Amino acid sequence: TPQPSDKTPSVPVADEARIAIPAGEMLAPILSRVVSMFAARADFSVDKLSDAVLLSDAISAHGPQSFPEGTAKLAIREEDGAFAIRVGPLEEGGGQRLVEGMRIPMLDASLEDLADEVRVETVEGADHLVVRLAQPAEAETEFVE
C-alpha cells in the first residue's frame with residue numbers, strides 16, 4: 001500500500017503535459033479520454049488500455065470533494081511504452097483515500113494492481129496521486145535443445 005512521501009516531486013520536464021480540469025462532472029470523461037489517449041500513444045494492447053480506463057474511473061469516482069481547490073490538476077509524463085499521471089492537489093489524506101477506494105472487497109483485490117506503480121506524494125500539505133502504467137515486458141522465450 002502506498003504511503004505518503006515527504007520528498008519533493010521531481011522537477012517538471014519539458015515533455016510533461018499539464019491540464020487543469022474543474023473537479024465536477026466533467027472530470028471523469030476528460031480524465032478517461034486523456035488516459036486513453038496516452039495509453040494509445042504508448043501502444044498499449046486493448047486489455048492494458050481497459051486497465052488504464054478503469055484506473056482513471058476509480059480516480060475520478062471520488063468527485064470534487066477530494067480537490068479542495070475545486071480543480072484537478074493533471075501532469076502526464078510519457079516514457080517509451082509507458083506513461084505516468086500525477087493528480088492533485090488533493091486534501092490531506094485524500095491520496096490514500098483514493099487508493100483505498102480502488103479496493104474490491106468481494107474479490108479481495110484492488111484496481112491498484114492494474115498499475116505498475118501507485119504512490120502518494122505529499123507536498124505542502126496537499127496529496128498528489130501518481131499512477132504509472134507500462135506495457136508488459138515481453139516474455140523472453142527460452143529454447144531447449
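Quick note: structure is the one above.
Note that the structure is a prediction, hence the values are computed from the model and not measured. Residue numbers restart at each chain and count upward from 1, following the sequence in its written direction. For this predicted model, a pLDDT threshold of at least 70 governs which residues receive local features, and a threshold of 80 or more governs which side-chain atom pairs are given and counted, while totals over whole chains, interfaces and linings are taken from all residues. Side-chain figures throughout are based on the complete set of non-hydrogen atoms in the structure, without hydrogens or water.

Visitor: I'd love a proper account of the pairing of strand 3 (residues 71–79), names of residues and values included.
Guide: Only strands that DSSP links by at least two bridges are regarded as paired with each other. Put simply, DSSP marks the helices as runs of H or I at least four residues long and the strands as runs of E at least two long, and each gets a number from the N terminus on. In this structure, strand 2 (residues 16–22) lies alongside strand 3, joined through seven bridges in antiparallel fashion. Residue Ala20 lies in a different strand from strand 3, and its bridge partner there is Lys73. In this structure, strand 3 lies alongside strand 4 (residues 82–90), joined through seven bridges in antiparallel fashion. Counted as the bridge partner of Leu74 is Val87 from strand 4.

Visitor: I'd like to hear about unusual backbone geometry, residue by residue, with values.
Guide: Of note, the amide linkage connecting Gly88 to Pro89 takes the cis form, showing an omega dihedral of -10 degrees. Counting through the fold element by element, Pro89 comes out in strand 4. Residue Asp43 is not a glycine yet carries a positive backbone phi of 65 degrees. A positive phi is found at Asp108, a non-glycine position, where the angle reads about 50 degrees. For every residue, the accessible area (1.4 Å probe, protein chains only) is compared with the maximum for its type, and the residue is labelled buried under 20%, exposed over 50%, or partly exposed between those bounds. Judged by its relative accessible area of 64%, Asp108 is exposed.

Visitor: Before we move on, can you summarise the packing of aromatic side chains with the specific residues and values?
Guide: Side-chain rings of Phe, Tyr and Trp (the six-membered ring for Trp) are treated as a pair once their centres are within 6.5 Å; stacked means planes under 30 degrees apart, edge-to-face means over 60, and tilted covers the remaining angles. Under the definition given, this model contains two aromatic pairs. Considering the side-chain rings of Phe38 and Phe83, the 6.1 Å spacing of their centres and the 35 degrees angle between planes classify their relative orientation as tilted. In this pair, Phe38 sits in helix 1 (residues 27–41) while Phe83 sits in strand 4, placing the two residues 45 residues apart along the sequence. With respect to class, Phe38 is no different from Phe83; both count as buried. Chaining the aromatic ring pairs together yields one cluster made of Phe38, Phe44 and Phe83.

Visitor: Go over the nonpolar core, please, and point to the residues and values.
Guide: Only buried residues count toward a nonpolar core, which is a set of Ala, Val, Leu, Ile, Met, Phe, Trp, Tyr and Cys residues joined through side-chain atoms within 4.5 Å. Counting residues in hydrophobic clusters, the biggest one holds 32 residues, and the most contacted among them are Ile59, Phe83, Leu129, Val131 and Leu133. Listing elements by their share of this core, those giving two or more residues are helix 1, helix 2 (46–60), strand 3, strand 4, helix 3 (94–100), strand 7 (117–123) and strand 8 (126–134). The greatest single-element share of this core, amounting to six residues, is contributed by helix 1. Contacts were defined at the residue level, with two residues in contact if any of their heavy atoms lie within 4.5 Å. Excluding anything up to four places from it in sequence, Leu129 contacts Ile59, Ile85, Arg86, Val87, Leu90, Gly95, Leu98, Val99, Met102, Val118, Arg119 and Val120.

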